[in-house]
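Residue-level listing of the chains:
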Protein chains: 2
Amino acid sequence: MSLRYALLGLLADRPASGYDLLQRFKGSLANVWPATQSQIYTELSKLADAELIAVSDEGPRGRKEYTLTDTGRADLRHWLTDTKPKRVVRNEVLLRVFFLGVIPPAQAREYLSDIEAGSAEGLAALAEVKAATDWGDDDLSTYGRMALGWGERFYVMNQQWARWAREQLPPVER
Amino acid sequence: MSLRYALLGLLADRPASGYDLLQRFKGSLANVWPATQSQIYTELSKLADAELIAVSDEGPRGRKEYTLTDTGRADLRHWLTDTKPKRVVRNEVLLRVFFLGVIPPAQAREYLSDIEAGSAEGLAALAEVKAATDWGDDDLSTYGRMALGWGERFYVMNQQWARWAREQLPPVER
DNA sequence: TCGTTCATGTAAGACGTTACATGATTGT
DNA sequence: ACAATCATGTAACGTCTTACATGAACGA
């Protein structure tokens, strides 16, 4: 269901083709809701069938530009106001932490260091997104910045946690 | 794939039935990798077919106790050391943030307040888990505490972020 | 005896991933 | 002429959710 609303949400901003949406996904939404090319095209077909979006223009190479319909906008609003998000988040990085006991402490330590390094990378990637995006004062910019702020805090938190977690490890044998 | 290793990981600690695993999931792993009853039983069958686990005991009411085999333990280790976790995390709560522009600011504000309240609840739930668990100095305890520490930091971060995010909202019209 | 907990399983359908397949257009 | 990019679509397979279905054992 969420991918569906991610697409409607992007189309609420402005009309776009599947290809456009794919690009825009990479730059922002991919961080909170990854989707593949095949998934996006399939979902767009379904949305068009359901008349939540409509082809508003056709271009070269079979390009189809979709626009949000009134029904689509209503559905999007309904999702935002009348349904609750699932709070649980699947986190494979953390799942592994539970089982670090089955490998030697030295490797567990390494795993935690990798998380710390990975978080630094993530933070750097966000900085790039931040620099590469042209931020305006439109809604998507305002709320996009908000989401970005979350990402930054998330990675910083991860880094700090990983450092702390290493200190909790059984001391190195010598 | 991850559920599979979640189960192997729990069985690495000690033998258990599907029902046992279901209970243990609720208390801890559900926070990082939710799974339903039907999924767990189905996966256990597959794992037994693949001889990564084996029925080590049968009890009343058709109870089947599974034990990790050597192959299973090797597979678990391999997963931990030779494969990389997927870093991306699907987050519906945050996905919605991107699209708050389609609803009036007052409702957006409410949404952010709900996140703040939800985080407080999450934190409280973790506190309960912390109190209800009997922590030893075994590996699962050590690493379970570590994961719990992550959860606490996560919720605190979310709370702080939500408060900050509210301040970024367009000021209330009057 | 009766409700709760223990205990397992199957099936349909939605959602997600990976891979394959095709071809037009643009820029160098 | 050729490579890169634009552009869309399908198929197979795996995973996850929801719902259904059944019944034994335990404790009050």
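Anything mentioned here points back to the structure above.
Keep in mind it's a predicted model, so treat the numbers as computed, not measured.

S.K.: For this particular structure, what's the right way to read the relation of the copies chain A and chain B?
M.R.: Think of it as a corkscrew move, a rotation about one axis and a shift along it, taking one chain copy to the other. With an RMSD of 0.0 Å, the operation that places chain A on chain B is a rotation of 180 degrees combined with a shift of 0.0 Å along the axis. Look at the turn and shift together and you get a two-fold axis relating the two. The overlap is high: 100% of the interface residues of chain A also sit at the interface in chain B, so the same surface is used on both sides.

S.K.: Before we go on, may I ask you to explain the protein's contact with DNA strand C in this structure?
M.R.: The immediate surroundings of DNA strand C are formed by 19 residues, with A:S38, A:Q39, B:Y19, B:Y41 and B:K64 found nearest. Take the atoms of DNA strand C that sit within 4 Å of the protein: sugar and phosphate atoms are 65% of them. Within the side chain of A:Q39, an N or O atom sits 2.8 Å from a phosphate oxygen of DNA strand C. Of all the elements in the fold, those that place two or more residues in the surface near DNA strand C are α3 (37-49) of chain A together with α2 (18-27) and α3 (37-49) of chain B. Counted by class, the surface near DNA strand C contains five nonpolar, nine polar and five charged residues.

S.K.: Just checking my understanding: could you explain the protein's contact with DNA strand D for this structure?
M.R.: Around DNA strand D, the structure places 19 residues, and the nearest of them are A:Y19, A:Y41, A:K64, B:S38 and B:Q39. Sugar and phosphate atoms constitute 63% of the interface atoms of DNA strand D, taking the interface as everything within 4 Å of the protein. Contact distances for DNA strand D include 2.5 Å between a phosphate oxygen and a side-chain N or O atom of A:Y19. Here a phosphate oxygen of DNA strand D sits 3.3 Å away from a polar atom, N or O, in the side chain of A:R90. In terms of residues, the surface near DNA strand D owes the most to one element, α3(A), which gives four residues.

S.K.: Which parts of the structure should I look at to understand the interface of chain A and chain B?
M.R.: By a frequent convention, interface size equals the accessible area lost on bringing the separate parts together. At the junction of the two partners, chain A supplies 68 residues and chain B supplies 68 residues. Per-residue buried area on chain A facing chain B is highest for A:F98, A:Y143 and A:W150; these three make up 12% of the total on that side. Here chain A and chain B share two salt bridges between them. Between B:R87 and A:E121 there is a salt bridge, with the nearest N and O atoms lying 3.6 Å from each other. The interface formed by chain A and chain B contains 16 residue pairs in polar contact (both at pLDDT 80 or more). When contributions to the side of chain A that touches chain B are tallied by element, the ones reaching two or more residues are α1 (2-13), α4 (70-82), α5 (92-98), α6 (105-132) and α7 (139-168) of chain A.

Conventions used here
Residues numbered from 1 in each chain as written. Chains lettered and ligands numbered in written order. Predicted model: local features only at pLDDT ≥ 70, side-chain atom pairs only at ≥ 80, totals over all residues. Heavy atoms only, no water. Least-squares fit on C-alpha atoms with pLDDT ≥ 70 in both. Contact = heavy atoms within 4.5 Å. Near = heavy atom within 4 Å. Polar contact = N/O pair within 3.5 Å; in protein donor to acceptor, adjacent residues only side chain to side chain. Helix = DSSP H or I, 4+ residues; strand = E, 2+ residues; numbered from the N terminus. Nonpolar A, V, L, I, M, F, W, Y, C, P; charged D, E, K, R; others polar. Buried area = accessible area lost by both parts, 1.4 Å probe. Salt bridge = Lys/Arg side-chain N within 4 Å of Asp/Glu carboxyl O.

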